[in-house]
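Observations on chain architecture
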Amino acid sequence: MSRGYHTSWTIPEEHRADPAYVEAGAAIALGQAVYDRRTALGIDQASLAERTGLSTEDIDRLEGGGAMPTLPLLRTLAKALDAALDVSIDTEETRVSFVPHARMLGWSRLRPPV
């Protein structure tokens, strides 16, 4: 994951159990994953907005960690970004990445689709 768009924050230990911090972390992880995949494809926010049927403001809010999308929107994003969405949720951390379809050829035989 690149660190170009979002900075790294240090969360005090006493806040790690707070559900608001956990949810904010998940939203930021998703936003970073969308940004990383979009820039890897070399497309701008307007192009992604067109591919998804969203506004550029919606894409900006999503990439900034200001939105928690629904499952149908996650599918739309994965299709628009030509990738599978890989999400790992733990008690205090959420990892999100878009795996390009070309890299998934052997992967699909190892793990069933989500």
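My aim in this report is to walk through the structure given alongside it, one point at a time. (Residues numbered from 1 in each chain as written. Predicted model: local features only at pLDDT ≥ 70, side-chain atom pairs only at ≥ 80, totals over all residues. Heavy atoms only, no water.)

1. Digging into the overall build of the protein
The helix and strand tally for the protein stands at 5 helices and 2 strands. In the protein, the succession of α and β elements from N to C terminus is α-α-α-α-β-β-α. The buried share of the protein, taken over its 114 residues, is 32%. When contacts within the protein are restricted to residue pairs at least 6 apart in sequence, long-range pairs at least 24 apart make up 52% of them. Carbon together with sulfur atoms contributes 55% to the accessible area of the protein, which is approximately 7400 Å² in total. (Helix = DSSP H or I, 4+ residues; strand = E, 2+ residues; numbered from the N terminus. Buried < 20%, exposed > 50% of the residue type's maximum accessible area, 1.4 Å probe, protein only. Contact = heavy atoms within 4.5 Å. Areas by Shrake-Rupley, 256 points an atom, 1.4 Å probe, with all protein chains shown as cover.)

2. Let's talk about helix α1 (residues 19-41)
Here α1 is 23 residues long and its end C-alpha atoms lie 33 Å apart, about the 33 Å a rise of 1.5 Å per residue gives. For α1, the full list of buried residues reads A26, A27, A29, L30, G31, Q32, A33, V34, Y35, D36, R37 and R38. Tucked inside the fold, the buried residues of α1 contact α2 (45-52), α3 (56-63), α4 (71-80), β1 (83-89) and β2 (94-100). The positive-phi residue at the C-terminal boundary of α1 is G42, with phi of around 75°. (Expected span 1.5 Å × (residues − 1).)

3. Focus on unusual backbone geometry
Unusually for a residue other than glycine, D82 sits at a positive phi of about 50°. Here D82 lies in the loop between α4 and β1.

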